[in-house]
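The residues making up each chain are set out below.
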Amino acid sequence: MALTHLPPTTDPAEVSEHLSRHGYAIVDDVADGPTMDRLDAEAVPFIAASAPGRDDYDGTFTRRTGALIARCPTARRLVMDPLVVGVVSHFLGHATAVQLHLTQIISVEPGETDQKLHRDEMAFDFFPFGPDYHVQCNTMWALSDFTADNGATRILPGTSTMSDAEAQRVPAAQAEMRRGSVLFYDGKVLHGAGANTSIGVRRGVNITYAVGWVRQEENQYLACPPDIARTLDDDLLRMMGYTQGAFALGYVGDQTDPLAALRGETAKAKTITAVGEHNEQARRFATDVTENR
């Protein structure tokens, strides 16, 4: 079974709609060769220092290398890629805010076996989110070519709304793609890394986004120390979580906006009325709330 590939000129809303229907979308050639070369060079020493997985779920021939915002400046471009941000904003548009969930280079080395199929939502303490509520939107960038032999991600299309028993009848397909292409997949679809029977390492850059009100898988405030964070632009910082995740979530001290606090400023967090500009339920709640100006 072949998975559908879309060109890099595809409208983000169209990519998001394909993701909603099938649980995945592959967009070819989003990043150019020089960009991936720079990221590869920046990451090499950190990958070399990363230990293999501790069990066969993480992969005993797989290295996972995180903290990419701090360690690899080129990764910041992938995090804020306009196509990706457009897709994520559309797909998770039911939430007041979206945030970066994790950054990680996954290096699947020769000899690795098929990863156990799973749904990424299980990270949230296996909470049973409803079938219509998506809490995250994942991307996997091909830092090397993804092939059937080197462990391209296995996807079970359409399983986002199926029970595990129903999903077992769906054949897996591998997300084979060229370097610089990106696989989008939701948090409900069954998937897993493939076995690497080749002689080369399969490297993918896993950058995941989530709605603003959940805890991040990778703690961005510690993974990227404040002295580095202060050098970054505001849009990236907001994506990292330096913003309100929803009304009354994420402020500092006396209701100071988190980005302002990082910058040494005193601007206040948004009121329920201001949050209502982007959230219908907040807007309804605030209809009879008067702000003190």
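Below is a short write-up of the structure. (Residues numbered from 1 in each chain as written. Predicted model: local features only at pLDDT ≥ 70, side-chain atom pairs only at ≥ 80, totals over all residues. Heavy atoms only, no water.)

## Observations concerning the sheet that holds strand β1 (residues 5–6)
What counts is decided by this rule: We treat two strands as partners when DSSP finds at least two bridges between them. Only runs of H or I of at least four residues qualify as helices and only runs of E of at least two qualify as strands under DSSP, and these elements are numbered from the N terminus. Note on contacts: a residue pair is in contact if any heavy atoms of the two residues lie within 4.5 Å. For helices, the fitted axis covers only the stretch in contact; all axes are lines through C-alpha atoms, and the angles between them, taken along N-to-C directions, range from 0 to 180 degrees.
As summarised here, the arrangement of the 7 strands in space is β1-β2-β8-β5-β10-β4-β3, forming an open sheet in which the pairing is mixed. With partners counted over all chains shown, the strands left at the sheet margins are β1 and β3 (62–66), one partner each. With 4 bridges connecting them, strand β2 (residues 24–27) and strand β8 (residues 182–186) associate as antiparallel partners. If you follow Ala25 over to β8, its bridge partner there is Phe184. Of the strands in this sheet, β3, β4 (98–108), β5 (136–142) and β10 (202–211) are in contact with helix α2 (residues 33–49), which crosses β3 at around 110 degrees. Each of β2, β4, β5, β8 and β10 is contacted by helix α5 (residues 82–91), which is oriented at about 160 degrees to β5, the strand it contacts most.

## Some remarks on the pattern of salt bridges
To keep things clear, this is the line we draw: Here, a salt bridge means any side-chain nitrogen of Lys or Arg that lies within 4 Å of a carboxyl oxygen of Asp or Glu.
Taken as a whole and assessed by the stated rule, the structure comprises 13 salt bridges. The salt bridge involving Arg263 is made with Asp234; its shortest N-O contact spans 2.7 Å. You can see Arg263 sitting in the loop between α10 (258–262) and α11 (272–275) and its partner Asp234 sitting in helix α9 (residues 234–240), a full 29 residues away along the chain. Between Glu280 and Arg284 there is a salt bridge, with its nearest N and O atoms 3.5 Å apart. Of this pair, Glu280 and Arg284 both sit in helix α12 (residues 280–285), 4 residues apart, roughly one helical turn.

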